[in-house]
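Chain by chain, the residues:
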Amino acid sequence: MSGIVENIKRIQTELPQGVTLVAVSKFHPIEALKEAYDCGQRIFAESRAQELMQKVDKMPADTVWHFIGHLQTNKVKAVLPHVAMIQSVDSEKLLTAINAEARKEERRIDVLLELHVAQEETKFGFSVEDCERLVNSGTLAEMTGVRVCGVMGMATNTDDDGEIRREFQAIRSVFDRLKGGCMKENVDFSVVSMGMSDDYPLAIMEKTTMVRLGSCIFGPRQY
Ligand SMILES: *Cc1c(COP(=O)(O)O)cnc(C)c1O
């Protein structure tokens, strides 16, 4: 398990100023997370509700949790109290459920809208058109339980760097358009979350502001 600290330190030197490192800890044991925490890492991300809930209590209280997996609406209530941000809002139905639950708890939760730009059919998310339509719609203005902070996306799993960069450009350009254009009180575009272990150097070239790294910090996942 050693090497986590070295990995984080090396990655930190590679990240430009203003790029936030999110440590994707899914399928990794709590000891690995603690090692990362002890060298200063605070933001961790999980992709399954149950695993998140099991880990929350075992980590220090100032650990910041993001949710990055496909979230079913019936799990929103359980997840919400534990997370600072849900990066994987992939439908209007889910956003509506998050908003309703947040309002019940009298809080406002940060969310990212997940964009589907990759070639794979299995990946969740909004099309570029649907995302822009939603952000510009009146419905969103009334969702005072959420603050839409930007977009999240994944590139196709391919060796073709050109394709990956084009997909990151597509995500970034949605971000740029919506950042300037939307004047709603609960929309505050500051985050474009893109870049995973295999492609984050390309995401940096395309001006990511948040990378989500798992295996290059913790090693291969043990399923
Ligand atoms: C698992 C996962 C990651 C991290 O993947 P690595 O290849 O291990 O860096 C990032 N983002 C999402 C949405 C994930 O599900």
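Anything mentioned here points back to the structure above.
If you're wondering where the values come from, they're calculated on a predicted model, not measured in any experiment.

Student: Explain the site of the ligand to me, please; I cannot follow it from the model alone.
Tutor: Taken together, Val24, Lys26, Ile68, Met154, Met196, Ser197, Arg212, Leu213, Gly214, Ser215 and Arg221 form the complete shell of residues around the ligand. Within the backbone of Ser215, a nitrogen or oxygen atom sits 2.8 Å from an oxygen atom of the ligand. Coverage of the ligand by the protein amounts to 91% of the 390 Å² it exposes when considered alone. Among the residues making up the shell around the ligand, the classes are represented as 5 nonpolar, 3 polar and 3 charged.

Student: Just checking my understanding: could you explain the packing of helix 6 (residues 128-136) against helix 8 (residues 161-181) for this structure?
Tutor: The description of two helices packed together rests on the angle between their axes and the distance between the axes. One can describe the packing of helix 6 onto helix 8 by two numbers: an axis separation of 11 Å at closest approach and a directional angle of 15°. In terms of orientation, helix 6 lies roughly parallel with respect to helix 8. Every pair of crossing elements has a handedness; the one defined by helix 6 and helix 8 is right-handed. Contacts between helix 6 and helix 8 pair Val128, Cys131, Glu132, Val135 and Asn136 from the former with Val174, Arg177 and Leu178 from the latter.

Cut-offs applied
- Residues numbered from 1 in each chain as written.
- Predicted model: local features only at pLDDT ≥ 70, side-chain atom pairs only at ≥ 80, totals over all residues.
- Heavy atoms only, no water.
- Near = heavy atom within 4 Å.
- Polar contact = N/O pair within 3.5 Å; in protein donor to acceptor, adjacent residues only side chain to side chain.
- Areas by Shrake-Rupley, 256 points an atom, 1.4 Å probe, with all protein chains shown as cover.
- Nonpolar A, V, L, I, M, F, W, Y, C, P; charged D, E, K, R; others polar.
- Axes fitted to C-alpha atoms, helices over the stretch in contact; angles between N-to-C directions.
- Helix = DSSP H or I, 4+ residues; strand = E, 2+ residues; numbered from the N terminus.
- Parallel < 35°, antiparallel > 145°, perpendicular 65-115°, else oblique.
- Left-handed = near helix turned anticlockwise from the far one by under 90°.
- Contact = heavy atoms within 4.5 Å.

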